[in-house]
Amino acid sequence: MSTTPLEVLPRDLSAYRQGNTGVDYVHRFDSGKPGPHVLINALTHGNEICGMVAATHLLDTGVRPKIGTLTVSFANVAAYESFDIERPFDSRQLVHNMNRIWSSDWLDGAEDSPELQRARALRGVVEAADHILDIHSTSQAVPPFWVYPSFSRNAAVALAIGCPALHLVMPRGLGSGTPLIQYGPHGSEGPGPGVALVAECGQHFQQASSDLATAVTLDFLAHFGLVDAPATAPAQPQLRFELLETHLVRTTDFHFTRPLIGLESFAQGELIATDGPHAIVAPCNDCTVFMPTREPIVGREAVYLTKPLD
Ligand SMILES: [Zn+2]
């Protein structure tokens, strides 16, 4: 396994703990003018530090909304603070994946964990937002991409922003739990206008991922009129992929048939991985894999299978 260059490391966030909303690590700025309430959320996964860079950029440079309301939140700070430079991937979560528990089964259920406590504390923050950008990064160095439920309102905004140029569209959810961007009204087509997007900004620890996270954040805010539009980059061709299957790791004997980092394509019927006695086979031609696990852990996601749209 290749070693991971750690270009960007976590920094002390204690100065950001005291917000102004009654919830730790949540900061809100009301312009006093009508307009949308936009939530920029970082660190749903504790080791995805590009979101932290983007969020602290907003706070450190004093970005204030011209209209509407801006909320900046750091979600799984407890996991983030568990960062160990010898095991940089382990601070993704402490107990639960904080991006799979945004259903009432989990939030109103009897189980407890640092992630469930934090998600319960953040419910009102997420509910209050009209539009949500949830900033993530990937374990492998692949081009950045959006992830969103396939509601037209989400696609319209992701395509209008145009960077990232790759889109992972989910017609039937994530397939392994309810992500933050599908909490409440953001989880159904519904009549509401609320847009909720994940931006996967590149590999966790690369400087380019943090730079992109900051740029996407400013683009997202500019799209809704909260900040002035940054200089526009040349339009890139947009490539959208539809999520077909989400596979979890079922056994300790999981192997891809060849090393994968994401965006590789398989022909219909081609073997992608074996998992003990189970085979993961491409269900269609041009089957394109997203987010193959770099270290299989039973019960966690193994790989997402997609097909190109459009
Ligand atoms: Zn993530």
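Everything that follows concerns the structure shown earlier in this document.
Residues numbered from 1 in each chain as written. Predicted model: local features only at pLDDT ≥ 70, side-chain atom pairs only at ≥ 80, totals over all residues. Heavy atoms only, no water.

Visitor: Please give an account of the overall build of the chain that cites residues and values.
Guide: From N to C terminus, the chain includes six helices and 14 strands. For 310 residues, the compact-globule estimate of 2.2 N^0.38 gives 19 Å, and the chain sits close to it at 19 Å. The C-alpha extent of the chain, read off along each of the three principal axes, is 60 × 40 × 40 Å. A buried classification covers 53% of the 310 residues belonging to the chain. Considering only contacts within the chain whose residues lie at least 6 apart along the sequence, 70% involve residues at least 24 apart. Of the charged side chains in the chain, 20 are positive and 33 negative; the average position of the first set lies 4 Å away from that of the second. (Helix = DSSP H or I, 4+ residues; strand = E, 2+ residues; numbered from the N terminus. Rg over C-alpha atoms; globule rule 2.2 N^0.38 Å. Buried < 20%, exposed > 50% of the residue type's maximum accessible area, 1.4 Å probe, protein only. Contact = heavy atoms within 4.5 Å. Lys, Arg positive; Asp, Glu negative; His and termini not counted. Charge placed at Lys NZ, Arg CZ, Asp CG, Glu CD.)

Visitor: Before we move on, can you summarise the sheet that holds strand β8 (residues 239–248) with the specific residues and values?
Guide: One open sheet holds the 11 strands; their spatial order is β1-β3-β2-β4-β7-β5-β6-β8-β14-β13-β10, and the pairing between them is mixed. In this open sheet, the two edge strands, each paired with only one partner strand, are β1 (26–30) and β10 (265–266). In this structure, strand β2 (residues 37–42) lies alongside strand β3 (residues 69–74), joined through six bridges in parallel fashion. Within β3, the residue paired with Ile-40 across the bridge is Val-72. (Pairing = 2+ DSSP bridges.)

Visitor: Before we move on, could you go through the sheet that holds strand β11 (residues 271–275) and cite the residues and values that matter?
Guide: Here we have three strands laid out as an open sheet, ordered β9-β11-β12, and antiparallel in their pairing. One side of each edge strand has no neighbouring strand; the edge strands of this open sheet are β9 (254–256) and β12 (278–281). The average angle at which neighbouring strand axes cross in this sheet is 20°, direction not considered. Where β9 meets β11, three bridges bridge the pair, whose relative direction is antiparallel. Note that in β11 the partner of Phe-254 across the bridge is Asp-275. (Axes fitted to C-alpha atoms, helices over the stretch in contact; angles between N-to-C directions.)

Visitor: So what about helix α5 (residues 152–161)? Which residues, and what values?
Guide: If you check which residues of α5 are buried, you get Arg-153, Asn-154, Ala-155, Val-157, Ala-158 and Ile-161. Along its buried surface, α5 packs onto β5 (145–149), β6 (166–170), β7 (196–203), α6 (207–223) and β8. After α5 finishes, the residue Gly-162 shows a positive phi value of roughly 80°.

Visitor: Tell me about the packing of aromatic side chains, residues and numbers included.
Guide: For the structure shown, the criterion picks out nine aromatic pairs. Residues Phe-83 and Phe-205 carry aromatic rings whose centres are separated by 6.2 Å and whose planes lie at 55° to one another, so their mutual orientation is tilted. Residue Phe-83 is found in the loop between α2 (77–80) and α3 (104–107), and its partner Phe-205 is found in the loop between β7 and α6; the two are separated by 122 residues along the sequence. Here the aromatic cluster, defined as three or more aromatic residues joined through ring pairs, consists of Tyr-16, Tyr-25 and Phe-74. Across from the ring centre of Phe-29, 3.8 Å away, lies the NZ or CZ of Arg-64, which sits over that ring. Positioned over the ring face of Phe-89 is Arg-294, at 3.5 Å from the centre of the ring. (Phe/Tyr/Trp six-rings, centres within 6.5 Å; stacked < 30°, edge-to-face > 60°. Lys NZ or Arg CZ within 6 Å of the ring centre and 35° of its normal.)

Visitor: I'd like a description of the pattern of salt bridges, backed by residues and values.
Guide: Applying the stated rule across the entire model yields nine salt bridges. Between Asp-90 and Arg-87 there is a salt bridge, with its nearest N and O atoms 2.7 Å apart. A relative accessible area of 38% means that Asp-90 is categorised as partly exposed. (Salt bridge = Lys/Arg side-chain N within 4 Å of Asp/Glu carboxyl O.)

Visitor: Tell me about the pairing of β3, residues and numbers included.
Guide: In terms of burial, β3 is a largely internal element, six of the six residues being buried. Burial along β3 is two-sided: the face carrying Thr-69, Thr-71 and Ser-73 and the face carrying Leu-70, Val-72 and Phe-74 are both buried. Bridge analysis of β1 against β3 gives five bridges, and the strand direction is antiparallel. Following the sheet pairing, Arg-28 is matched in β3 by Thr-71.

Visitor: Before we move on, can you summarise the pairing of β12 with the specific residues and values?
Guide: Bridge analysis of β11 against β12 gives four bridges, and the strand direction is antiparallel. Bridge pairing links Asp-275 to His-278 in β12. Linking β11 back to β12 in an antiparallel pair, the connection comprises two residues, with Gly-276 at a positive phi of about 60°.

Visitor: Could you give me a rundown of the environment of Gln-206, with the residues and numbers involved?
Guide: Mapped onto the fold, Gln-206 is located in the loop between β7 and α6. Relative accessible area serves as the criterion here: at 24%, Gln-206 is assigned to the partly exposed category. Sequence spacing of Gln-206 and Leu-221 is 15 residues, and the spatial spacing of their C-alpha atoms is 23 Å. Every residue in contact with Gln-206, bar those within four places of it in the chain, is listed here: Glu-7, Val-8 and Ala-141.

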